[in-house]
Amino acid sequence: MRFLAATILVFASASAFAAETADPVFAEWRDRVDPAVERALEYLARVQREDGSFPESYGDSTGIPALAGMAILSKGHLPTEGPYVVALNKCIDFVLANQLENGLFEKGNAGSGPMYAHNISTLFLSEVSGMVDPARQEKIAATLPAALKLILKAQAVDKDERHQGGWRYHPGSTDSDTSCSGWALMALRSAKLNGAAVPDQAIADAVSYLGRHQDKKEGHFGYMDQTNHARSLTGMGLLCLELCGKHGTAETTIAADYVMKTFRDLPGDQFEFYGNYYNAQGTFQIGGRYWNDYANWMYDTYLKKQQEDGSWNSREAGRIYGTTMMVLAFTVPYRQLPIYQRDETVDEEE
């Protein structure tokens with residue numbers, strides 16, 4: 001598997017890069033966001049177990065350490081130097097140590113099925129590839145192809161038209177949901193950008209699957225239809241479309257408009273932290289007034305909700321998950337993870 005040399009160059013000067021690329025919206029908040037994120041990362045490092053797993057909900061699956069690892073990376077910290085070398089490498093090693101012979105990353109309690117954790121773990125290893133020491137790089141290069149093959153095989157399971165192109169809880173599932181599918185699509189896109197042999201058709205089929213779950217009049221995406229959990233899932237649909245060549249299309253614009261109409265009602269939702277994470281990523285990608293309005297609201301709303309120990313508590317899955325997802329949402333404008341990159345024309349007004 002080939003990997004982008006630019007990845008290494010970007011991360012070699014992470015702090016300077018973050019300072020240079022912070023957009024005007026983020027510049028207004030940075031002096032408050034920076035220390036909040038560092039307190040959150042200190043919390044994650046403090047509570048991490050010796051084997052790289054975490055306490056609380058799903059912390060012994062590969063998904064939570066993968067999210068924690070991406071949270072550390074998202075602030076520009078590296079697995080080879082800096083204050084989070086030990087914590088980050090524990091996350092990497094835990095994921096690498098828990099792959100089955102069929103390529104599936106599975107360990108502990110991953111919820112309703114292992115594919116969520118598997119997709120997130122694959123995304124994490126793809127994002128961190130090229131930044132690690134040679135020994136870990138060798139392991140990642142040996143591990144990722146099997147992980148990606150399993151994702152592609154799960155997509156290719158015979159399904160009816162409504163579910164074709166998507167993913168669900170298990171590698172052999174004959175149905176699909178947009179939430180699991182969003183993580184799988186992000187993993188495939190990340191790997192493809194890094195040189196993996198991901199077929200264009202797999203990406204196109206996933207985009208078509210998501211398209212069938214968007215209400216073309218209102219713009220929202222649903223879980224297994226076009227409506228259910230729309231407030232927390234539309235950001236996911238927006239992001240996936242933006243990342244897969246749909247920037248500036250009617251589909252993304254109407255999805256972003258729906259996010260603008262509903263995001264202030266997100267607090268208190270069952271999947272609030274998930275929705276905020278994807279809304280932040282989606283609005284950042286489309287840029288302009290969407291990111292401006294969402295970012296100002298997000299920082300104003302959630303900075304004050306950080307606990308004294310540095311965590312955020314998620315109703316859906318506890319403090320570790322809540323903290324990782326909030327950090328990943330807050331740090332989108334740093335653009336330290338390759339998945340966060342965007343076309344620099346997105347903030348140009350039409």
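Residues numbered from 1 in each chain as written. Predicted model: local features only at pLDDT ≥ 70, side-chain atom pairs only at ≥ 80, totals over all residues. Heavy atoms only, no water.

1. Let's talk about the overall build of the chain
In terms of helices and strands, the chain carries 15 helices and zero strands. What you see for the chain is a C-alpha radius of gyration of 18 Å, in line with the 20 Å of a compact globule of 350 residues. In terms of overall dimensions, the chain has a C-alpha envelope of 50 × 50 × 35 Å along the principal axes. For the chain, the share of sequence-separated contacts (at least 6 apart) that also reach a separation of at least 24 residues comes to 69%. Positive and negative charge centroids in the chain, built from 32 and 45 side chains respectively, lie 2 Å apart. (Helix = DSSP H or I, 4+ residues; strand = E, 2+ residues; numbered from the N terminus. Rg over C-alpha atoms; globule rule 2.2 N^0.38 Å. Contact = heavy atoms within 4.5 Å. Lys, Arg positive; Asp, Glu negative; His and termini not counted. Charge placed at Lys NZ, Arg CZ, Asp CG, Glu CD.)

2. Quick look at the environment of Ala 40
Residue position: Ala 40 is located in helix α4 (residues 30-47). A relative accessible area of 0% places Ala 40 in the buried class. Note: C-alpha distance between Ala 40 and Thr 122 (82 residues apart in sequence) is 23 Å. Residue contacts for Ala 40: discarding those within four places in its chain leaves Gln 306, Gly 310, Trp 312, Thr 323 and Val 327. (Buried < 20%, exposed > 50% of the residue type's maximum accessible area, 1.4 Å probe, protein only.)

3. Looking at the layout of surface pockets
Its boundaries defined by the atoms lining it, the largest pocket holds a volume of some 650 Å³. Around the largest pocket sit 26 residues that line it, and Tyr 58, Tyr 116, Ser 179, Phe 271 and Tyr 321 are the ones nearest its centre. Taken together, the elements giving at least two residues each to the lining of the largest pocket come down to α5 (63-74), α7 (115-128), α9 (178-193), α11 (230-243) and α15 (318-330). For the lining of the largest pocket, the per-class residue count stands at 16 nonpolar, nine polar and one charged. (1 Å grid on protein atoms, 1.4 Å probe; cavity = no way out; pocket = protein on both sides within 12 Å on 5 of 7 lines; lining within 4 Å. Points joined across faces, edges and corners; volume = space filled by probe spheres on them. Nonpolar A, V, L, I, M, F, W, Y, C, P; charged D, E, K, R; others polar.)

4. Side note on the packing of α5 against α15
Relative to each other, α5 and α15 sit at 35°, their axes nearing to 9 Å. The chirality of how α5 crosses α15 is left-handed. On the side of α5, the interface is formed by Ile 64, Leu 67, Ala 68, Met 70, Ala 71 and Ser 74, while α15 contributes Ile 320, Tyr 321, Thr 324, Met 325, Val 327 and Leu 328. Counted by class, the contact of α5 with α15 contains 10 nonpolar, two polar and no charged residues. (Axes fitted to C-alpha atoms, helices over the stretch in contact; angles between N-to-C directions. Left-handed = near helix turned anticlockwise from the far one by under 90°.)

5. Observations regarding the side chain of Glu 272
Inspection of the secondary structure puts Glu 272 in helix α13 (residues 272-286). Buried within the structure, Glu 272 lacks any salt-bridge partner; Lys 305 is the closest side chain of opposite charge, at an N-O distance of 4.2 Å. At 2.7 Å, the side chain of Glu 272 and the side chain of Tyr 302 are in polar contact. Beyond its immediate stretch of four places on either side in the chain, Glu 272 contacts Leu 266, Pro 267, Tyr 302, Lys 305 and Glu 316. (Salt bridge = Lys/Arg side-chain N within 4 Å of Asp/Glu carboxyl O. Polar contact = N/O pair within 3.5 Å; in protein donor to acceptor, adjacent residues only side chain to side chain.)

6. Examining the confidence of the model for the chain
Overall, the predicted model of the chain reaches an average pLDDT of 90, with 91% of residues at or above 70. Mean pLDDT across the secondary structure elements of the chain bottoms out at helix α1 (residues 5-12), with 35, and peaks at helix α6 (residues 85-96), with 98. Contacts of residues 1-20 to residues separated by more than four positions or lying in other chains number 34 contacts, the stretch itself having pLDDT below 50. Taken together, the stretch residues 344-350 has pLDDT below 50 and engages in 12 contacts with residues farther than four places along the chain or on a different chain. (pLDDT = per-residue confidence, 0-100.)

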